[in-house]
Every structure is written in structure tokens, then in C-alpha cells.
Amino acid sequence: EPEVTQTPSHQVTQMGQEVILRCVPISNHLYFYWYRQILGQKVEFLVSFYNNEISEKSEIFDDQFSVERPDGSNFTLKIRSTKLEDSAMYFCASSEGQGSYGYTFGSGTRLTVV
Amino acid sequence: DQQVKQNSPSLSVQEGRISILNCDYTNSMFDYFLWYKKYPAEGPTFLISISSIKDKNEDGRFTVFLNKSAKHLSLHIVPSQPGDSAVYFCAASGTGNNRKLIWGLGTSLAVNP
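Now for a look at the structure at hand. Just so we're clear, the structure is a prediction, and the values are computed from it rather than from any experiment.

### Overview of the state of the cysteines
Counted according to the given criterion, the structure contains two disulfides over all chains. Between the sulfur atoms of Cys-23 of chain A and its disulfide partner Cys-92 of chain A the distance amounts to 1.9 Å. Taking the torsion about the S-S bond as the criterion, the Cys-23 of chain A to Cys-92 of chain A disulfide, at about -65°, is left-handed. Taken together, the residues Cys-23 of chain A in strand E3 (residues 19–24) and Cys-92 of chain A in strand E9 (residues 88–95) connect sequence positions 69 residues apart. Across this residue pair, the class does not change: Cys-23 of chain A and Cys-92 of chain A are buried. The side chain of Cys-23 of chain B participates in a disulfide bridge whose partner is Cys-90 of chain B; the two sulfur atoms lie 2.0 Å from each other. Here the disulfide of Cys-23 of chain B and Cys-90 of chain B is left-handed, its torsion about the S-S bond being about -70°. Residue Cys-23 of chain B is found in strand E3 (residues 19–25), and its partner Cys-90 of chain B is found in strand E9 (residues 86–94); the two are separated by 67 residues along the sequence. Note on Cys-23 of chain B: relative accessible area 0%, which makes it buried. By relative accessible area, which is 1% here, Cys-90 of chain B ends up buried.

Shown next, in the form of C-alpha cells:
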């Protein structure tokens, strides 16, 4: 069964450092998403991406965050200068189309900022 | 801003019995509702969904009921199995191009043998 792959599974970084979280969505999917879950809190929408551009972003997704689809297969989330409060599980998801709920999530990257 | 609420953080049931997980929402613009299941160290897995034009959707042991007037939905699992033990998230989606999901906090279900 096709799956969304995320790497690394766990990333530890020092405050102020840049991190890049990587995702390989399902190959025929067109919509890509990043969500995050801070420990003990809700899963929160960060950003959606379609047709090589951001289609929607949340208040959380400020100037420190950026997304890219550099080569047609990878979908990356960059945090430019990490803060302690960025520590969370980050989930990538992809879906076939806007009317489709074939939303498939990756297994997540646990980001720990120290 | 708790647009989607799961008021029970945990639920414990006996194997073979029914599990009922509840979810309330406040935004009447939501038109699609989904249940996801999540095991530790894994991403959420889609379980079942329901459109706002329906009041029930069934898939094997899983049934979702939607009461639009009460802005309430529930997930029934019958019969419950130990492998169903996981965190269950209710999520909702509104109109618009992006179908972003608004999530509840989750309910941890424990099915005891």
C-alpha cells in the first residue's frame, strides 16, 4: 500500500538552529500538508501546498517556516531558527485531490529543540 | 478556539462490548467529518468519515453517526477488540479549496481482554 515517508523519525537540535524535515508524499497525490502535535495538545494544521505554492497557512506558520517541493518528489518543511516551543511531532500528509479524503499521513518526525 | 471537542480524554471497555467515542463541534460550516486512529510512534490512520448530508456511515465494525442539529458525532466500534486500543481523533473539514482538518484532542481507548 502506498505510504507517505518522513525522515528523520527523530531530530534533536539546538535552539536557534535551522532544521529541515523531509517528506516523500504518495506519488500521484497533488495536495500536501504539514501538521504538528505538541505533546499533550491537539494536532494543528500548519500549511497546505498545491501546484507548487502554498494554498493556505495557519497563524503558526510564520516567517520562520517555509515549505518546498524541490524535485517533484520530496516535500520539505524548514524551520529557520528553532525555538523551544517548536518541539513537537510534525506530520506530513498528502491527498489525491481537494474533494478527496484519501488523506494519508506519514509516521511523523519528533523534533526536540534543546 | 476549540471548534472540535472530544470531551473524554480516555475510555476503557471490555473486549466484545461496544465502544462509543463522542465528538462535538461548534462551526456549522463544517461539512465533512473524519475519524482517525493513532498508535504511539505512528501517524494518524484514516478510519471512517461522514458527509454532512448523511447521518450514518458504516464500515464493518465501525459506524459513525452524525447529529447536525446537535453538532455532535459519535464513533461506534462493535465488537471492540484489544487491537482497537489507540487514540481516536475526530476531525472536521469545511468548505474551501484546501480541506484542512480541524482536530479534536483525541480519546484514548483501551480495550481490555
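What follows picks up the thread again.
### Looking at the pattern of salt bridges
Residue and element names in this part refer to chain A. Applying the stated criterion across every chain yields a total of five salt bridges over all chains. With a closest N to O distance of 3.3 Å, Arg-36 and Glu-44 form a salt bridge. Given the relative accessible area of 8%, Arg-36 is considered buried. For the salt bridge of Asp-86 with Arg-36, the shortest nitrogen-to-oxygen distance reads 3.9 Å. Placement of Asp-86 in the loop between strand E8 (75–79) and E9 and of Arg-36 in strand E4 (residues 31–37) is noted, with a sequence separation of 50 residues between them. Here Asp-86 and Arg-36 have matching classes, each one buried. It is possible to trace a salt-bridge network through shared partners that takes in Arg-36, Glu-44 and Asp-86.

### Focus: the interface of chain A and chain B
Contacts between the two partners involve 19 residues from chain A, matched on the other side by 21 residues from chain B. Overall, the association of chain A and chain B removes approximately 1800 Å² of surface from exposure, summing both partners, and the carbon and sulfur fraction of that is 57%. Counting across the interface, chain A meets chain B through one salt bridge. Across the pair Lys-100 of chain B and Glu-56 of chain A runs a salt bridge, and its minimum N-O distance is 3.0 Å. Applying the counting rule to chain A against chain B returns three residue pairs in polar contact (both at pLDDT 80 or more). Counting residues per element, the ones that place at least two in the side of chain A that touches chain B are E4, strand E5 (43–50) and strand E6 (53–57) of chain A. Sorting elements by how many residues they give to the side of chain A that touches chain B places E4 of chain A first, with four residues.

Rules used throughout
Residues numbered from 1 in each chain as written. Chains lettered and ligands numbered in written order. Predicted model: local features only at pLDDT ≥ 70, side-chain atom pairs only at ≥ 80, totals over all residues. Heavy atoms only, no water. Disulfide = S-S within 2.5 Å. Helix = DSSP H or I, 4+ residues; strand = E, 2+ residues; numbered from the N terminus. Buried < 20%, exposed > 50% of the residue type's maximum accessible area, 1.4 Å probe, protein only. Salt bridge = Lys/Arg side-chain N within 4 Å of Asp/Glu carboxyl O. Contact = heavy atoms within 4.5 Å. Buried area = accessible area lost by both parts, 1.4 Å probe. Polar contact = N/O pair within 3.5 Å; in protein donor to acceptor, adjacent residues only side chain to side chain.

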